[in-house]
Structures are given as C-alpha cells and as structure tokens.
Amino acid sequence: MSKITLEKVLEDRAVITNKIVPLAAATLAVTKALHEGNIISVSKADGSTLTLPNASGGGDQYNVFVNTTITSVGLIVKVANASDTMVGGATVWSDNAADAVTHFKAGGTDDTITLNGTTSGGYAGMMVKLIDIGLNLWFVEIIGKATGVEITPFSATV
C-alpha cells in the first residue's frame, strides 16, 4: 500500500483540472500523461514544432490552439516515426474579397502539418484536433484562417 501525500493529491488534481497547457517553447514532445484531452495553447509567434506520440489506435485526442498568430518559421505538428501518417482535413477561410472557404485533405503519405502564418494558416484562433485512430494512423481536423492563395498545410516530411 502506497502512502498518500498532500503533494501527490495536489499533483493528481492539477493533471485533472488543467485543461489548457501553455506552450511558448520552440519544441514540444507531446505526451499522453501531460497533453491527452487537454488543449495545447501555442503563443510563440516565431513558431514551434510539436512531435506526437506513436499512433497505436488508443483513441487519445490532442488539441492545439493557435493563441498568437505565427509570423515566421511556422507551427509544425508532426508524427513520431516514419510509419505513422495522417488522414482527415483542413477547412480554412480566407480574408480576401471573396471570403472563400477552402478544404484540403490529408492522406496517403502525409505526416506533417505546417501552419506558416499566411497561406497555410496559423492565425490566432485556429484549432488543430488530432486523434490516435489506429495503428500508425492519426485523424486530423484543422479549422481556421489563411490568406493569399491558400495552400495545403499537409506534407510528408518524417
């Protein structure tokens, strides 16, 4: 039987109640223990790279919120290994005169999301949802704004 301490109770409570996980660093290794079910709020304008855990089909969900518009480098979300890929899509609206909505799909070999702050998105208020849907497979849903001639945020780089 393990001893229950006040510190352990407070630590467990913090994990349960902390739904917003701030990120102002250049890199983040996303983990189930710290990030699953929570919202990673990115506030680093010159970009961050987030690496997901291995996809195993456990149904874990990770949410990334763009809190500060990306101004350079890009917000990059990528898989952990060369076997994992992404399916799903991105819905982006433009602030051009037509106020158009564009859809991009992830599939095949796509394993990386890059929000560059303009044409592929990365504006404050954008949300990326990722679900560990199967062995070596992530489902992704992106909603937010892009500008100019919009391009897909999906690529194969891992």
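The model shown is predicted, which means the values in this text are computed figures rather than measured ones.

Calculation notes
Residues numbered from 1 in each chain as written. Predicted model: local features only at pLDDT ≥ 70, side-chain atom pairs only at ≥ 80, totals over all residues. Heavy atoms only, no water. Helix = DSSP H or I, 4+ residues; strand = E, 2+ residues; numbered from the N terminus. Contact = heavy atoms within 4.5 Å. Areas by Shrake-Rupley, 256 points an atom, 1.4 Å probe, with all protein chains shown as cover. Salt bridge = Lys/Arg side-chain N within 4 Å of Asp/Glu carboxyl O. Buried < 20%, exposed > 50% of the residue type's maximum accessible area, 1.4 Å probe, protein only. Core = buried A, V, L, I, M, F, W, Y, C linked by side-chain atoms within 4.5 Å. Phe/Tyr/Trp six-rings, centres within 6.5 Å; stacked < 30°, edge-to-face > 60°. Lys NZ or Arg CZ within 6 Å of the ring centre and 35° of its normal. Pairing = 2+ DSSP bridges.

Undergrad: Sorry if this is basic, but what is going on with the overall build of the protein here?
TA: The number of helices and strands found in the protein is two helices and twelve strands. Overall, the protein shows an N-to-C arrangement of helices and strands of α-β-β-α-β-β-β-β-β-β-β-β-β-β. Here the analysis covers contacts within the protein between residues at least 6 apart in sequence; of these, 67% occur between residues at least 24 apart. Put simply, the protein shows about 8100 Å² of open surface, and 60% of that area lies on carbon and sulfur atoms.

Undergrad: Whenever I open this one, the pattern of salt bridges confuses me. Can you help?
TA: Pairing between side chains becomes possible if they bear opposite charge and their charged atoms approach one another. Tallied over the entire structure, the rule returns three salt bridges. Across the pair D60 and K32 runs a salt bridge, and its minimum N-O distance is 3.5 Å. In this pair, D60 is assigned in the loop between strand 4 (48-51) and strand 5 (61-66) and K32 in helix 2 (residues 32-35), connecting sequence segments 28 residues apart. Assessed through its relative accessible area of 53%, K32 is described here as exposed. Here K129 ties to E141 by a salt bridge, and the two come within 3.1 Å at their closest N and O atoms. Taken together, the positions of K129 in strand 10 (residues 127-134) and E141 in strand 11 (residues 137-146) put the pair twelve residues apart, joining distant regions of the chain. Residue classification places K129 among the partly exposed positions, given a relative accessible area of 25%.

Undergrad: Which parts of the structure should I look at to understand the nonpolar core?
TA: Within soluble globular proteins, side chains that are nonpolar generally end up buried alongside one another. By size, the foremost hydrophobic cluster in this structure holds 30 residues, and its most contacted members are L50, M86, I113, L130 and V140. Those elements giving two or more residues to this core turn out to be strand 3 (39-42), strand 5, strand 6 (75-78), strand 7 (85-94), strand 8 (101-106), strand 9 (112-115), strand 10 and strand 11. The element that contributes the greatest number of residues to this core is strand 11, accounting for four residues. The residues touching L130, leaving out its near neighbours within four places in the chain, are L52, D60, Q61, Y62, V64, V77, M86, I113, W138, F139 and V140.

Undergrad: Would you mind showing me how to read the packing of aromatic side chains here?
TA: Pairs of aromatic rings are described using the distance from one ring centre to the other and the angle between the two planes. Across all of its chains, the model carries one aromatic pair by this definition. Above the face of the Y123 ring, K145 is positioned so that its terminal group lies 4.3 Å from the ring centre.

Undergrad: Explanation requested: unusual backbone geometry in the structure shown.
TA: For residues other than glycine, phi is negative in most cases, and the peptide bonds are mostly trans. Despite not being glycine, V73 shows a phi value in the positive range, around 65°. Along the polypeptide, V73 turns up in the loop between strand 5 and strand 6.

Undergrad: It is not clear to me how the sheet that holds strand 2 (residues 27-29) should be interpreted in this structure. Could you clarify?
TA: Sheet strands line up and pair through hydrogen bonds in the backbone, either parallel or antiparallel. The five strands lie next to each other as 2-4-6-9-12, forming an open sheet whose pairing is mixed. Either end of the sheet is taken by a strand with one partner, and the two such strands are strand 2 and strand 12 (154-155). Bridging between strand 4 and strand 6 involves four bridges; their strand directions are parallel. Directly across from T49, in strand 6, lies its bridge partner I76.

Undergrad: Can you walk me through the environment of G148 in this structure?
TA: The residue G148 is located in the loop between strand 11 and strand 12 in this model. Under the relative-accessibility criterion, G148 is labelled partly exposed at 43%. Along the backbone, G148 and N96 are 52 residues apart, and their C-alpha atoms lie at a distance of 7.0 Å. Ignoring anything within four residues of it in the chain, the contact list for G148 reads S94 and N96.

Functional significance is not addressed by these values, which are geometric in nature.
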